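Letter by letter, the chains look like this.
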Amino acid sequence: AAGVIQSPRHLIKEKRETATLKCYPIPRHDTVYWYQQGPGQDPQFLISFYEKMQSDKGSIPDRFSAQQFSDYHSELNMSSLELGDSALYFCASSLGRDSSYEQYFGPGTRLTVT
Amino acid sequence: KQEVTQIPAALSVPEGENLVLNCSFTDSAIYNLQWFRQDPGKGLTSLLLIQSSQREQTSGRLNASLDKSSGRSTLYIAASQPGDSATYLCALLYGNKLVFGAGTILRVKS
């Protein structure tokens, strides 16, 4: 079965640079979530989209923005990168926002800021 | 604000032992609870999902229970194997987002 696809899998950037992470949800899934997991920490919710509209927002810095496109894939744009942005970024998708729908996670993008 | 606590933080057991991982939460207004497995530096693998109306779910050697009234969930692993070594995270669907615990690092010794 198709899973959530994230690209790139690894990314190395320097401070103050910009990074774009992409997420392709499971086919027919219309809801996308982004999570950030710092070294040795638990994943923290950043932002979610349902039917191309932002549906919820967590602890996402103002330097970050995201959107969901007409084909339901999503991109997380990160500007003015800081060392503290180094983390594993997960995307998850679900079919709708109903509470009974499970979130399926992608393999993550490991961002290293030097 | 929902807070999720997992106990113990780390656990080391000999192969073949049955074990229980604990997860507690402060707000019972959850929609569901998921248990995940994470290998070092890797992604999250969903193990079990329990809807808020359910009491338990089973998959192979894994059994997860949920008691909303007491704010607790347990993950029971039977006949542990070295391949079970990983970090186990519980996460609650709170609103539209998952709130994670800090995880239990499990090591099963052969």
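For the structure, check the block above.
Read on for a plain summary of the structure. (Residues numbered from 1 in each chain as written. Chains lettered and ligands numbered in written order. Predicted model: local features only at pLDDT ≥ 70, side-chain atom pairs only at ≥ 80, totals over all residues. Heavy atoms only, no water.)

### Quick notes on the overall build of chain B
Looking only at helices and strands, chain B has zero helices and 11 strands in total. For 110 residues, the compact-globule estimate of 2.2 N^0.38 gives 13 Å, and the C-alpha radius of gyration of chain B, at 13 Å, lies within 12% of that figure. Expressed along its principal axes, the backbone C-alpha trace of chain B runs to roughly 40 × 25 × 20 Å. Burial statistics for chain B: of 110 residues in total, 45% are counted as buried. Within chain B, contacts between residues separated by at least 24 positions form 53% of all contacts whose residues are at least 6 apart in sequence. Taking the 10 positively charged and 8 negatively charged side chains of chain B as two groups, their mean positions are separated by 4 Å. (Helix = DSSP H or I, 4+ residues; strand = E, 2+ residues; numbered from the N terminus. Rg over C-alpha atoms; globule rule 2.2 N^0.38 Å. Buried < 20%, exposed > 50% of the residue type's maximum accessible area, 1.4 Å probe, protein only. Contact = heavy atoms within 4.5 Å. Lys, Arg positive; Asp, Glu negative; His and termini not counted. Charge placed at Lys NZ, Arg CZ, Asp CG, Glu CD.)

### Some thoughts on the sheet that holds strand 6 (residues 56–59) of chain B
Residue and element names in this part refer to chain B. Read from one edge to the other, the open sheet built from five strands follows the order 1-3-8-7-6, with strand pairing classed as antiparallel. Whereas interior strands pair on both sides, the edge strands pair on one side only; in this sheet they are strand 1 (4–7) and strand 6. Between one strand and the next, the sheet's axes are offset by a mean angle of 15°, whatever the strand orientation. As judged from the six bridges shared by strand 3 (residues 19–25) and strand 8 (residues 72–77), these two strands associate in the antiparallel manner. The partner of Cys-23 across the bridge, within strand 8, is Ser-73. (Pairing = 2+ DSSP bridges. Axes fitted to C-alpha atoms, helices over the stretch in contact; angles between N-to-C directions.)

### Brief notes about the sheet that holds strand 1 (residues 5–7) of chain A
Residue and element names in this part refer to chain A. What the four strands build is an open sheet, ordered 1-3-8-7; its pairing is antiparallel. Here the strands that pair on one side only, and so sit at the sheet edges, are strand 1 and strand 7 (64–68). For this sheet, the mean inter-axis angle between neighbouring strands, taken without regard to orientation, is 15°. Relative to strand 8 (residues 74–78), strand 3 (residues 19–24) is paired through five bridges, and the arrangement is antiparallel. Bridge pairing in strand 8 links Thr-20 to Asn-77.

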